[in-house]
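# A look at the structure
Here is what each chain is made of, one letter per residue.
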Amino acid sequence: MSGELSQSVIKRIIRQVGLECAAQGQSLSETLVAFMVKAVVLDPRNDFNMDRILTENDMQDLIQLCVTRLLDTTNPSLSTIKMQVYFDMNYTNRDELLSEQERVLEGKLAPVVRAITESGPRAQEEMEKVYQKIVTYVLLRSGLGSPTDIEAVREVTAALQSVLPQTEMITFISLSKKDKEQQLKDLAMLVTGIRLYNKKCQKGGSSIDDLPDILNKAIPSATQTLDERLNSCQLLAHRYTALLESMQEDPQGYSQLSTSKLKEALFNVRQYEAFLCILQSDAITSAQEVESLDVQFEAAMMVLKNTVQDKTSIESKEVFPLFMELSKLWTGFQDEMLLLSFLTNMADNLQQFLEIQSQLFPVEMLTSLPEGVTVKTDEERIKETMGTRVNISDLKNQEWLFPENTDNFDQLIIQYHGFCAHSIGVKGLTLPGNPAIGILKHKEKYYVFSSKEAAYIFARDPDKFIQLNIEKAKEYAELIQLLELRHQFEYLVPHAQARNAKKGSMKPPPKHDSGTQTDTHILPPTIVRSYEWNEWELRRKAIKLANLRRKLTHAMQTDLSHMRRENFTQVYLPKDVGTQTKRDNTSNVPKPQIFLKGLRGGSFPTTHMVTVDLTRPLDET
């Protein structure tokens, strides 16, 4: 279908559906409209052929079907799809929510930070203005009071004076911009810690709420509300399931009820139950985190009290880390307040998607069920099948997993959100699967069943029943998310490419500018530096080489030198010594002058040498 329905055609259909719904007073998000277009195309009852190009008439029919379904306020399926779209667009986990909150806070503080870090005051009056901006920053950063609250401003100013006196502003201004920003964060934490300590000592902090006490009261209340809503929707799901099972056994006895509407209502409460379970898990995690923060905060406060102990002065290196630790723990309490508010709002907003239930199936009708209809809870259904399990010898060609032969048995990722893999496609029911019966491993995926018989039937031809489940999801599009089948339908509608592949979210992917740069020369240079194009230069080098060939290097060794080695000695340096005599005396001797005659030889065969001594006598000197 993605080949025929181009992106432009899909956008045109979505735009047209949105305009027609808006003309009739229903303003719908583009994501919801896109999901509905996908649901209508997938539904085999609408007879949209996936293998042919849509004509203009087909597109008009598609638009009208989408508009009709989006304007049908009595359709539980539409409420379920709206619920799924709302949850995907608004829910986020703890880490992402806190990161987003930190990013928003940094954005709000950016102008104040910029005004502080980029200023270069010289006069005393300008210094005081910058100091007041630091006070404002500390208040906004800590979230403990408003800059318009005079009492809070006084407390922060007094605490800041003990950490950063105005006389040290010159040092602060001389820092780099990055160091200033870090210094501001540290100052905010220190001032927050000081104010919290003063509040504990009843010396201030009147504008600071007691977050630990508020959380210890609010979290149990929120958890109890979630439990009540969860029990209520589970009771509805159990009654709907019992009615559908009875209707399948005796179709004639329930002519006044619509099987299709009842199934849609069942899927609606099952999806609501799944979302409430997610919120309940987050609430439990938040309660555990608050409990841990309470213990750490009290311990840190006790250490701080023991360190200070009414001392008039104390070294900053001892007490500053304790103040900063208090501030970090208090930030944890603030984060939990934000998370609790987020979870409460999500739970309250999900309620609106369950209002259709009371209109279609009033409480009076569900409480006065016909005779023979037995309402069973999920726990009771699982308990009934606890004593049965699959016999591996009956189905030797399939791989079955049991707790005793499988590591991390409870952590296996079960298909179809843990519902029975057989009852979905065959009966259209979401019955809880019992892993104790046996988990079927088929093509690296795991399936559970509500009974031993269902497991045997499914295991004889798993691919057939998997395809039945897919067809059921095409008929009821809300099952795609409820049963976690998104990956099998992403290729059908190009708009689905915009959804988050990790969790199936329909949010458009975040975009950002990016750039790349490559090196001028990726490969190492291959330039031959010795290359010469000039012929005369080549001749000059050739003559030089030819001349070198005629040069010889001679070396020689003697018998006395070839075995010599280098010797080193170390001596004491000579001392400067001087002597003095009583008188000076000199003497002089004649210079010897002796000459030899006849050394060159002559005409005679023998050499006659004559020695002539011309040295002057000693007495003549």
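Going by the annotation in an unreviewed UniProt entry, the name recorded for the protein is Cilia- and flagella-associated protein 206, with Picathartes gymnocephalus given as the source organism. Under the heading Function (unreviewed entry), UniProt records this for the protein: "Essential for sperm motility and is involved in the regulation of the beating frequency of motile cilia on the epithelial cells of the respiratory tract. Required for the establishment of radial spokes in sperm flagella." Of the protein, the UniProt comment under Sequence similarities (unreviewed entry) reads exactly: "Belongs to the CFAP206 family."

## Quick look at the overall build of the protein
Helix and strand counts for the protein come out as 20 helices and five strands. Looking at the 621 residues of the protein, the share that counts as buried comes to 39%. Here the contacts in the protein between residues at least 6 apart in sequence split such that 73% fall between residues at least 24 apart. Entry remark: accessible area of the protein is about 38,900 Å², with carbon and sulfur atoms responsible for 51%.

## What to know about the environment of Phe419
Mapped onto the elements of the fold, Phe419 is located in the loop between strand S1 (399-401) and helix H16 (423-427). Of the residues examined, Phe419 reaches a relative accessible area of 8% and is grouped as buried. Excluding residues that lie within four positions of it along the chain, Phe419 makes contacts with Arg270, Ile424, Thr430, Leu431, Pro432, Gly433, Val448, Leu482 and Leu483.

## A word on the nonpolar core
Within the largest apolar cluster, 67 residues are counted, with the highest numbers of intra-cluster contacts made by Tyr240, Leu279, Leu350, Trp400 and Phe449. Counting residues per element, the ones that place at least two in this core are helix H4 (76-90), helix H10 (211-249), helix H11 (259-308), helix H12 (316-350), helix H17 (452-460), helix H18 (462-475) and helix H19 (479-482). Per-element tally for this core: the top contributor is H11, with ten residues. Counting the residues that make up this core, at least three belong to each of domain 3 (211-369) and domain 4 (378-499). Those residues within four positions of Leu350 in sequence are excluded, and the remaining contacts are Met83, Tyr86, Phe87, Tyr272, Phe275 and Leu279. Membership of the second largest hydrophobic core comes to 50 residues, among which are Ala159, Leu211, Leu293 and Phe297.

## Observations regarding unusual backbone geometry
Across residues other than glycine, the phi torsion is negative in most instances, and most of the peptide bonds are trans. Of note, Tyr416 is a non-glycine position whose phi angle comes to about 60°, a positive value. Here Tyr416 is to be found in the loop between S1 and H16. Residue classification places Tyr416 among the buried residues on the basis of a relative accessible area of 2%. One non-glycine residue, Glu484, lies in positive phi territory at about 60°. Locating Glu484 in the fold gives a position in the loop between H19 and helix H20 (535-549).

## Here we look at the packing of helix H2 (residues 30-42) against helix H3 (residues 56-70)
Working note: a packed helix pair is described by the angle between its axes plus the distance between those axes. Put simply, H2 and H3 touch, their axes get as near as 9 Å, and they point 115° apart. Considering the relative orientation of H2 and H3, their crossing is right-handed. Along the contact surface, H2 presents Leu32, Val33, Met36, Val37, Ala39, Val40 and Val41, while H3 presents Leu62, Leu65, Cys66, Arg69 and Leu70. Classifying every residue of the contact of H2 with H3 gives eleven nonpolar, no polar and one charged.

## Comments concerning the packing of aromatic side chains
A complete count under the given rule lists 15 aromatic pairs for this structure. Ring geometry for Tyr416 and Tyr447: centres 5.8 Å apart, planes at 45°, overall tilted. Here Tyr416 is found in the loop between S1 and H16, whereas its partner Tyr447 is found in strand S3 (residues 445-447), with 31 residues between them in sequence. Across this residue pair, the class does not change: Tyr416 and Tyr447 are buried. In this arrangement the basic side chain of Arg45 is found over the ring face of Tyr476, its NZ or CZ atom lying 5.9 Å from the centre.

## Examining a nonpolar patch on the surface
A contiguous nonpolar surface patch, about 420 Å² in accessible area, is contributed by Ile594, Leu596, Leu599 and Met609. Residue placement: Leu599 occurs in the loop between strand S4 (594-597) and strand S5 (610-613). By relative accessible area, Leu599 is classed as exposed at 57%.

## Observations regarding empty space enclosed by the protein
Which parts of space are left empty comes out when a probe the size of a water molecule is rolled across the atoms. Applying the stated criterion across every chain yields a total of two cavities of 30 Å³ or more. Estimates place the volume of the second largest cavity at around 50 Å³. Secondary structure elements with two or more residues in the lining of the second largest cavity: helix H5 (94-117), H11 and H12. Class assignment for the residues of the lining of the second largest cavity results in five nonpolar, three polar and two charged.

## A few points about the packing of H5 against helix H6 (residues 124-142)
Where H5 contacts H6, the two axes come as close as 9 Å, and the packing angle between them is 175°. On the basis of their axis angle, the class for H5 and H6 is roughly antiparallel. For the pair formed by H5 and H6, the contact residues are Glu102, Leu105, Glu106, Leu109, Val112, Val113, Ala115 and Ile116 on the first element and Val130, Lys133, Ile134, Tyr137, Leu140 and Arg141 on the second. Partitioning the contact of H5 with H6 into residue classes produces ten nonpolar, no polar and four charged.

## Quick word on the confidence of the model for the protein
In regions of low pLDDT, the predicted coordinates are not meant to be interpreted in detail. Taken residue by residue, the protein gives an average pLDDT of 83. The fraction at 70 or more is 89%. Residue range residues 1-5 is modelled with pLDDT below 50. Its contacts to residues more than four positions away, or to other chains, number 15 contacts. Low confidence marks residues 491-508, where pLDDT is under 50. Its contacts with residues over four positions away, or in another chain, come to 47 contacts.

## Considerations on the sheet that holds strand S2 (residues 439-442)
Within the open sheet, the three strands sit side by side as S1-S2-S3. Their pairing is antiparallel. The open sheet has two edge strands with one neighbour each: S1 and S3. The average angle at which neighbouring strand axes cross in this sheet is 35°, direction not considered. Pairing of S2 with S3, which is carried by three bridges, proceeds in the antiparallel orientation. When the sheet's bridge partners are listed, His442 is paired in S3 with Lys445.

## Considering the layout of surface pockets
Of the volumes computed, that of the second largest pocket is approximately 810 Å³. Broken down by secondary-structure element, the contributors of at least two residues to the lining of the second largest pocket are H5, H6, helix H9 (177-200) and H12. Classifying every residue of the lining of the second largest pocket by side-chain character gives twelve nonpolar, nine polar and seven charged. Composition of the lining of the second largest pocket by domain shows at least three residues from each of domain 2 (119-201) and domain 3 (211-369).

Rules behind the numbers
- Residues numbered from 1 in each chain as written.
- Predicted model: local features only at pLDDT ≥ 70, side-chain atom pairs only at ≥ 80, totals over all residues.
- Heavy atoms only, no water.
- UniProt positions renumbered as here; feature names shortened; annotations may be inferred.
- Helix = DSSP H or I, 4+ residues; strand = E, 2+ residues; numbered from the N terminus.
- Buried < 20%, exposed > 50% of the residue type's maximum accessible area, 1.4 Å probe, protein only.
- Contact = heavy atoms within 4.5 Å.
- Areas by Shrake-Rupley, 256 points an atom, 1.4 Å probe, with all protein chains shown as cover.
- Core = buried A, V, L, I, M, F, W, Y, C linked by side-chain atoms within 4.5 Å.
- Domains from an automatic or database assignment.
- Axes fitted to C-alpha atoms, helices over the stretch in contact; angles between N-to-C directions.
- Left-handed = near helix turned anticlockwise from the far one by under 90°.
- Nonpolar A, V, L, I, M, F, W, Y, C, P; charged D, E, K, R; others polar.
- Phe/Tyr/Trp six-rings, centres within 6.5 Å; stacked < 30°, edge-to-face > 60°.
- Lys NZ or Arg CZ within 6 Å of the ring centre and 35° of its normal.
- Patch = residues over 30% accessible without salt bridge, like charges linked within 9 Å, V, L, I, M, F, W, Y side chains within 5 Å.
- Salt bridge = Lys/Arg side-chain N within 4 Å of Asp/Glu carboxyl O.
- 1 Å grid on protein atoms, 1.4 Å probe; cavity = no way out; pocket = protein on both sides within 12 Å on 5 of 7 lines; lining within 4 Å.
- Points joined across faces, edges and corners; volume = space filled by probe spheres on them.
- Parallel < 35°, antiparallel > 145°, perpendicular 65-115°, else oblique.
- pLDDT = per-residue confidence, 0-100.
- Pairing = 2+ DSSP bridges.

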